[in-house]
Amino acid sequence: MSTNIPSNLNYTKEHEWTLTEGDIVTIGITDFAQSALGDIVFVEVPEVGADLKVGATFGVVESIKSVSDLYSPISGEVIAKNNDVEASPEKINQDAYGSWLIKVKMKDHSEINKLLSAEQYQEFCNTSH
Amino acid sequence: MSELLRTNLYDEHVKLGGKIVPFAGWEMPVQYTSVKDEALAVRNSVGVFDVSHMGEFFIEGKDAEAFADYLVTNDILNAPTGKAVYSPLCRENGTVVDDLIVYKIAPERVMICVNASNIEKDFDWMKTKKTGFDCSFTNLSHVFSLLALQGPKALETLKSFVNELPDLEYYSVFETSIGSHPVILARTGYTGEDGFEIFGHHQTIKDLWKNLMAVGVTPCGLAARDVLRLEVCYPLYGHELNDEVNPYDAGLAWTVKPLKTKFIGKDILESKPAKYKLVKLILEKGIPREGYAVLNAKNEVIGQVTSGTMSVVLNKGICLARIQIDKAPTDEVFSIDIRNKAYPAQLVKKPFVTGGHK
């Protein structure tokens, strides 16, 4: 499976990507994840103001066939959610990195260091299936 | 776990980029490109499924029709030769061993097509019931490959490949050939669309598959098949049907013919015992999945989703659900518990999608 893994992002083993800009972390799912899921038809993410804990589930992505949990890459407060993607989940299939799900104001910067780099994520994708 | 089986078309599926998953003891393609595109190809044009994993039994001889009629709850004896009949196969206590199609191919020659997961269970069960019937009974599942060519363009697509193809009625069967190779052709399927199921020897079917690919027929996987059957509310064994329920529990009253003089389960099924009611529910928001709880207006659990998906035609969540008959609400206000939140669900009487079959 060919996958697109931008070098400026961080990743989780649950196939989320993160973009860090100061305190703000933008979160989405990777190209690998969208390709594995197939047609994405439903996205559920928390409301603005919700408190996320690193490693805890914060929402779901559903394809026609399956339900997949989303796991928070970091701890913090949700400050924005992407209503466009909730209304048109197929946008994730078209552009996984352009279709962010939520923006979080992070609590603990050190959590970012525990995420995978692009190279590490590539390696993980190569060996995990 | 025993080793997974592969159909004769396995290499073709891999070449086409099919995503292979274990299913009923077989390695089968779940999808090739997109479940949605594959399902819509069947609704609007034509698609083909490799369903060679399914089982084919043959009953031949003087009592062939009588034996088939005795085994199943639907009426085989009164159906004319050339007809196909859908039926549950029940035990004496009325529970469902499997659901299947009986094909009356020729006088004294009957084929039964059964679910892949139940081939051995069905064959063993049926064999024990053959005493007193003058006919042979054989399992030829390993000899046949099977394609389901489905969609409004199925007839015109298939015409160019088979030697003779009359405009058969829906649910009928016909013996013809492809070149010099015999095939059994049935106007049946599991999508609600017009279409054919083509039973033939492995190489005949492999050649036909390749020819269908060459003329641009969309290869379709199990996921599309599941969406298509659910949109038209066809039951699936292991979901709506199982060893614990009877046909009345699964909305299949129309397939039980208590007036038949004898059939397995008659004594119990005559009284129409039903513990459950199978309902069709559609959601404005949320996707129901198998096992989710169905709630009444007071948020009490009254049943479970047996199959659920996102309809590709309606773009809404749809499901079949088994409701306990004594708890069926009279006001018909339902919701479904999706991740601890109650999503309203509307009861519908007719299938979610009207297939285009004749």
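Counting restarts for each chain, with residues numbered from 1 along the sequence as it is written. The lettering of chains begins at A and the numbering of ligands begins at 1, in the order of writing. A pLDDT threshold of at least 70 governs which residues receive local features in this predicted model, and a stricter bar of 80 or more applies before side-chain atom pairs are shown or counted, although totals over entire chains, interfaces and linings include all residues.

1. A short note on the overall build of chain B
The cut-off we apply is this: Segments assigned H or I by DSSP are reported as helices when at least four residues long, segments assigned E as strands when at least two residues long, and all are numbered from the N terminus. All radius of gyration figures rest on C-alpha atoms, and the globule criterion is 2.2 Å times the number of residues raised to 0.38. Any residue whose C-beta has 12 or fewer other C-beta atoms within 10 Å is treated as exposed, any with 20 or more as buried, and any in between as partly exposed, C-beta atoms being built from the backbone. It is the C-beta atoms, placed from the backbone, that decide contacts: two residues are in contact if theirs lie within 7 Å.
Secondary structure assignment for chain B yields eight helices and 19 strands. Its C-alpha atoms give chain B a radius of gyration of 20 Å, within 12% of the compact-globule value 21 Å for 358 residues. Its C-alpha atoms give chain B principal-axis dimensions of roughly 65 × 50 × 45 Å. Expressed as a percentage of its 358 residues, the buried residues of chain B come to 47%. Counted over contacts in chain B with a minimum sequence separation of 6, partners at least 24 positions apart contribute 67%.

2. Focus on the overall build of chain A
Counting secondary structure elements, chain A contains five helices and nine strands. Walking chain A from its N terminus toward its C terminus, one meets helices and strands in the order β-β-β-α-β-β-β-β-β-α-α-β-α-α. Taken against the 2.2 N^0.38 rule, which gives 14 Å for 129 residues, the C-alpha radius of gyration of chain A at 13 Å falls within 12% of a compact globule. In terms of principal-axis extent, the alpha carbons of chain A reach across some 35 × 30 × 20 Å. Relative to its full complement of 129 residues, chain A shows a buried share of 43%. Relative to all contacts within chain A whose residues are 6 or more apart in sequence, the contacts with residues 24 or more apart total 62%.

3. Overview of the interface of chain B and chain A
How big an interface is tends to be reported as the loss of accessible area on association of its parts. Every contact between the two is made by 11 residues of chain B and, on the other side, eight residues of chain A. When contributions to the side of chain B that touches chain A are tallied by element, the ones reaching two or more residues are helix 2 (35-44), helix 7 (222-231) and strand 16 (301-310) of chain B.

4. Side note on the sheet that holds strand 4 (residues 40-44) of chain A
Residue and element names in this part refer to chain A. How we decide: Strand pairing is assigned whenever DSSP identifies at least 2 bridges connecting the two strands. Fitted lines through C-alpha atoms give the axes, limited to the stretch in contact for helices. The angle between two N-to-C directions lies from 0 to 180 degrees.
As summarised here, the arrangement of the three strands in space is 4-6-7, forming an open sheet in which the pairing is antiparallel. What marks the edges here is a single partner per strand, and that holds for strand 4 and strand 7 (67-71). Strand after strand, the sheet turns through a mean of 25° between neighbouring axes, direction not considered.

5. Focus: unusual backbone geometry
Backbone geometry places His15 of chain A, a non-glycine residue, at a positive phi of 70°. Along the polypeptide, His15 of chain A turns up in the loop between strand 1 (10-11) and strand 2 (16-21). His15 of chain A gets classed as buried once you count the C-beta atoms within 10 Å, which come to 24. Of note in the backbone geometry, Asn299 of chain B takes a positive phi value of approximately 65° without being a glycine. Owing to 10 C-beta atoms within 10 Å, Asn299 of chain B belongs among the exposed residues under this scheme.

6. A word on the sheet that holds strand 8 (residues 76-81) of chain A
All names here are of chain A. Within the open sheet, the six strands sit side by side as 1-2-3-9-8-5. Their pairing is antiparallel. A strand with exactly one partner marks an edge of an open sheet, and here the two such strands are strand 1 and strand 5 (51-52). Alignment of strand 3 (residues 24-29) against strand 9 (residues 102-106), held across four bridges, turns out to be antiparallel. Paired with Val25 across the strands is Val104, a residue of strand 9.

7. Description of helix 2 of chain B
The element helix 2 of chain B is largely enclosed, with a buried count of seven among its 10 residues. In this structure, the buried residues of helix 2 of chain B make contact with strand 2 (26-31), strand 3 (47-50), strand 9 (144-150), strand 13 (218-219) and helix 7 of chain B.

8. Observations regarding helix 3 (residues 64-71) of chain B
Residue and element names in this part refer to chain B. Counted residue by residue, helix 3 has seven buried out of eight residues, so it is predominantly covered. Turning to helix 3, its buried residues number three or more, namely Ala64, Glu65, Phe67, Ala68, Asp69, Tyr70 and Leu71. Looking at the buried residues of helix 3, the elements they touch are strand 4 (55-60), strand 5 (84-90), strand 6 (96-106), strand 7 (109-114) and helix 4 (119-127).

9. Side note on the environment of Pro152 of chain B
Along the polypeptide, Pro152 of chain B turns up in the loop between strand 9 and helix 5 (154-159). If near-sequence neighbours (up to four positions away) are discounted, Pro152 of chain B is found in contact with Ser45, Glu193, Asp194 and Gly356 of chain B.

10. Considering the environment of Gly55 of chain A
All names here are of chain A. Here Gly55 shows up in the loop between strand 5 and strand 6 (57-63). When the C-alpha positions of Gly55 and Asn82 are compared, they lie 21 Å apart, and in sequence the two are 27 residues distant. Those residues in contact with Gly55, other than ones at most four positions away along the chain, are Tyr71 and Ser72.

11. A short note on the confidence of the model for chain B
Rule in force here: Note: pLDDT gives the predictor's confidence per residue, expressed from 0 to 100.
On average, residues of chain B carry a pLDDT of 96, and 99% of them reach 70 or more. As scored by the predictor, the complex reaches a pTM of 0.93 and an ipTM of 0.85.

12. Considerations on the environment of Thr176 of chain B
Tracing the chain through its elements places Thr176 of chain B in strand 10 (residues 173-178). On a C-alpha basis, the gap between Thr176 of chain B and Asn163 of chain B in space is 6.7 Å, while along the polypeptide they are 13 residues apart.

13. Remarks on the pairing of strand 12 (residues 195-201) of chain B
Residue and element names in this part refer to chain B. With six of seven residues buried, strand 12 is to be regarded as a mostly interior element. Bridge count for strand 9 against strand 12 is seven bridges, and the pairing is antiparallel. Bridging across to strand 12, Ala148 finds its partner in Glu197.

14. Details of the domain arrangement of chain B
Residue and element names in this part refer to chain B. Operational definition: Annotation comment: domain bounds sourced from an automatic or database domain assignment. For this classification, Asp, Glu, Lys and Arg are treated as charged, while Ala, Val, Leu, Ile, Met, Phe, Trp, Tyr, Cys and Pro are nonpolar and the rest, including Gly, are polar.
Domain annotation for chain B reports domain 1 (10-51 + 142-231), domain 2 (56-139) and domain 3 (274-348). Each partner contributes residues to the interface: domain 1 has 13 residues there, and domain 2 has 11 residues. Broken down by secondary-structure element, the contributors of at least two residues to the side of domain 1 that touches domain 2 are strand 10 and strand 11 (181-186). Per-class residue counts for the side of domain 1 that touches domain 2 are nine nonpolar, three polar and one charged.

15. Focus on the pairing of strand 14 (residues 276-283) of chain B
All names here are of chain B. Relative to strand 17 (residues 317-324), strand 14 runs antiparallel, the two sharing eight bridges. The partner of Lys280 across the bridge, within strand 17, is Leu320. Relative to strand 19 (residues 341-348), strand 14 runs antiparallel, the two sharing four bridges. Looking at the pairing, Lys280 lines up with Val348 of strand 19.

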